[in-house]
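Descriptive structure summary
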Amino acid sequence: MKITKLTTFRVPPRWMLLKIETDEGVVGWGEPVIEGRARTVEAAVHEMSDYLVGQDPARINDLWSTMYRAGFYRGGAILMSAIAGIDQALWDIKGKVMGKPVYELLGGLVRDKMKTYSWVGGDRPSDVIAGIRKLREAGFDTFKMNGTEELGLLDNAKSVDAAVGRIAEIREAFGNDIEFGIDFHGRVAAPMAKVLLRELEQYRPLFVEEPVLAEQYEYYPRLAEQTSIPLAAGERMYSRFEFKHVFQKGGLAIIQPDLSHAGGITECVKIAAMAEAYDIALAPHCPLGPVALASCLAVDFVSYNAVIQEQSMGIHYNKGGELLDYVLNKEDFALDQGYIKPLPKPGLGVVIDEERVIAASKDAPDWRNPTWRYADGSVAEW
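Here goes a summary of the coordinates provided. (Residues numbered from 1 in each chain as written. Predicted model: local features only at pLDDT ≥ 70, side-chain atom pairs only at ≥ 80, totals over all residues. Heavy atoms only, no water.)

Topic: the pairing of strand S1 (residues 3-11)
Definition in use: Think of it in three bands: residues with accessible area under 20% of the maximum for their type are buried, residues over 50% are exposed, and the middle band is partly exposed, with areas taken using a 1.4 Å probe on protein chains only. Per the convention used, a helix needs a DSSP run of H or I reaching at least four residues, while a strand needs a run of E reaching at least two, with both numbered from the N terminus. Should DSSP find at least two bridges between two strands, the strands are regarded as paired.
Taking burial as the measure, the nine residues of S1 include seven buried ones, the bulk of the element. Hairpin connection, S1 to strand S2 (residues 15-22): the antiparallel pair is bridged by three residues.

If you want it as structure tokens, here you go:
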């Protein structure tokens, strides 16, 4: 069997799907994208096609190594996201050829169902109480929300009180019947992270995500020493080599590699195993589409340290497209009290509605995250 063609489809709300075809008619799907930079990743995917067309798709390890190592310059968000989507599609092909789900090819199930959580609220967190109540009716008891709006390097007591007060209201409304993570989203610099973590500790959040930006990872152990709140990060780390430095430094209780950014299934299985050796939990980042989620689940179901899975059904980013819009086997993605079962079909287990994808790709918007500015006019972290 040989790879014959790679085709990309940018689709709403902000996703990109990849179709890899073979000369025997077996097709694999991947999801290579950086949110807001889909066209750039698309160009990288097609540049890598020279390494792929005419090759045996079964040799995933060799193809991965070629894509990563054959170019003198490597790593980073764009190149690793391109590799990630290609890798997903190759695993999809392998599973379909062998008639087995990908998790079976990776050693089989380590659990029977996977806990998921849902986003609540938007970019600028406001009243999330109603949102939580609605999601609880759907069976969710675990959530994540943005913790702050813009926050300066040194900000005022009013901003701190607003962030902490919002969390206090949630605990007052729901007590310990729910769990929630708080995403600092890289909006919080080290001086304010210390303040917020101290103030939030009494409300016992499940975790605080990206307490500082990934490039400030030297602060993770310092902050961890000052709080009992588990710290999580990893969506902006793109290879086992970046995670290696974090593991050596310490400080993280949970890592969140993104299966569409961090080299795909091949790389993230290795990252998960490295994390297990350090007694660090796995909770893959996934505010993306159906192939990304299916890929995350393939890793979750073979990783002992996987604890919870993000998923994007109904989240605030999804304007113009929903995860199940592009899926024919919607029933396989059913959630029961917040849990999802292993996807049963061969490969990644997602049957893409190609007709819907093609139609949606004709009018796909170029999504961009907002550009925020502080009161003094300088650019703020989004």
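Details of the packing of aromatic side chains
How two aromatic rings sit relative to each other is set out by the distance from centre to centre and by the angle between their planes. Just so we agree on the cut-off: When two rings of Phe, Tyr or Trp (its six-membered ring) have centres within 6.5 Å they constitute a pair, described as stacked for plane angles under 30 degrees, edge-to-face for angles over 60, and tilted for the intermediate range. Sitting over a ring, as applied to charges here, requires NZ of Lys or CZ of Arg to be within 6 Å of the ring centre and within 35 degrees of the ring normal.
In total, this model carries 12 aromatic pairs according to the counting rule given. Centroid distance Trp-15 to Tyr-326: 6.2 Å. Interplanar angle 70°. Geometry classified as edge-to-face. Highlighted residues: Trp-15 in strand S2 and Tyr-326 in the loop between strand S11 (309-311) and strand S12 (335-336), separated in sequence by 311 residues. Of the aromatic side chains, those joined through ring pairs into one cluster are Trp-64, Tyr-68 and Phe-241. When the ring centre of Trp-64 is taken as reference, the NZ or CZ atom of Lys-270 above it lies at 5.9 Å.

A look at the nonpolar core
Rules: We call a set of buried Ala, Val, Leu, Ile, Met, Phe, Trp, Tyr and Cys residues a nonpolar core when their side-chain atoms join them within 4.5 Å. Throughout, a residue-residue contact means that at least one pair of heavy atoms, one from each residue, lies within 4.5 Å.
Ranked by internal contacts, the top residues of the largest apolar core, which has 110 residues, are Ile-20, Ile-86, Ile-170, Leu-196 and Ile-255. Residues contacting Ile-86, with those up to four places away along its chain left out, are Leu-6, Leu-18, Ile-20, Val-45, Met-48, Leu-52 and Met-67.

Describing unusual backbone geometry
The step from Pro-12 to Pro-13 runs through a cis peptide bond, and the omega angle for that step is 5°. Its place among the elements puts Pro-13 in the loop between S1 and S2. Non-glycine residue His-185 carries a positive phi angle of around 60°. Structurally, His-185 is set in the loop between strand S6 (179-183) and helix H7 (190-200).

A few points about the packing of helix H5 (residues 129-137) against helix H6 (residues 157-174)
What counts here: A fitted line through C-alpha atoms represents every axis, and for helices the fit uses only the stretch in contact; the resulting angles, taken between N-to-C directions, go from 0 to 180 degrees. If an angle is under 35 degrees, it is roughly parallel; if it is over 145, roughly antiparallel; if it lies from 65 to 115, roughly perpendicular; otherwise it is oblique. A crossing counts as left-handed when the near helix is turned anticlockwise from the far one by less than a right angle, and as right-handed when that turn is clockwise. By the convention adopted, Pro, Cys, Tyr, Trp, Phe, Met, Ile, Leu, Val and Ala count as nonpolar, Lys, Arg, Asp and Glu as charged, and the other residues, Gly among them, as polar.
Where H5 contacts H6, the axes come no closer than 10 Å and their chain directions differ by 40°. If you check the angle between H5 and H6, you find them oblique. The two elements H5 and H6 cross, and the hand of that crossing is right-handed. Counted together, Ile-129, Ile-132, Arg-133 and Arg-136 of H5 and Glu-169, Ile-170, Ala-173 and Phe-174 of H6 form the full contact between these two elements. Looking at the contact of H5 with H6 residue by residue, the class counts come to five nonpolar, no polar and three charged.

With respect to empty space enclosed by the protein
For clarity, the cut-off: Using only the protein atoms, space was sampled on a 1 Å grid; points where a 1.4 Å probe fits but cannot get out form cavities, open sets with protein on both sides within 12 Å along at least five of seven lines form pockets, and lining residues are those with an atom within 4 Å of a point. Grid points are joined across faces, edges and corners, and a volume is the space filled by probe spheres set on the points.
All told, the structure shown has three cavities of 30 Å³ or more when counted by the stated rule. Approximately 80 Å³ is the volume found for the largest cavity. Together, Arg-10, Val-11, Arg-14, Trp-15, Gly-36, Arg-37, Ala-38, Ala-364, Pro-365, Asp-366, Trp-367 and Arg-368 line the largest cavity. For the lining of the largest cavity, the class distribution of residues is six nonpolar, one polar and five charged. There is about 60 Å³ of room inside the second largest cavity. Per-element accounting of the lining of the second largest cavity gives the leading share, three residues, to helix H11 (residues 290-300). Taken together, the residues of the lining of the second largest cavity sort by class into nine nonpolar, two polar and one charged.

Side note on the pattern of salt bridges
Two side chains of opposite charge can pair, provided their charged atoms sit close to one another. For clarity, the threshold we go by: Salt bridges, as used here, are contacts in which a Lys or Arg side-chain nitrogen is within 4 Å of a carboxyl oxygen on Asp or Glu.
Applying the stated criterion across every chain yields a total of 14 salt bridges. The shortest N-O distance in the salt bridge between Arg-39 and Asp-366 comes to 2.9 Å. With a gap of 327 residues between them, Arg-39 in helix H1 (residues 38-52) and Asp-366 in the loop between helix H12 (354-361) and strand S14 (372-373) connect regions that are remote in the sequence. For Arg-39, a relative accessible area of 46% puts it in the partly exposed group. Beyond isolated ion pairs, a larger network of salt bridges with shared partners links Arg-10, Arg-39, Glu-42 and Asp-366.

Considerations on the environment of Met-16
Mapped onto the elements, Met-16 comes out in strand S2. Along the backbone, Met-16 and Val-291 are 275 residues apart, and their C-alpha atoms lie at a distance of 9.8 Å. Discounting chain neighbours no more than four positions away, the residues touching Met-16 are Thr-8, Phe-9, Arg-10, Gly-30, Glu-31, Pro-32, Val-33, Ala-38, Val-41 and Glu-42.

Let's talk about the layout of surface pockets
Approximately 660 Å³ is the volume attributed to the largest pocket. Considering the residues around the largest pocket, the lining is formed by 28 residues, among which Glu-35, His-185, Arg-236, Asn-369 and Trp-382 are closest to the centre. Residue composition of the lining of the largest pocket, by class: nine nonpolar, six polar and 13 charged. Considered as a void within the structure, the second largest pocket measures approximately 210 Å³ in volume. Around the second largest pocket, the lining is made up of 16 residues, and of these Leu-153, Val-188, Ala-189, Leu-213 and Glu-381 lie nearest the centre. A per-class count over the lining of the second largest pocket returns 11 nonpolar, three polar and two charged.

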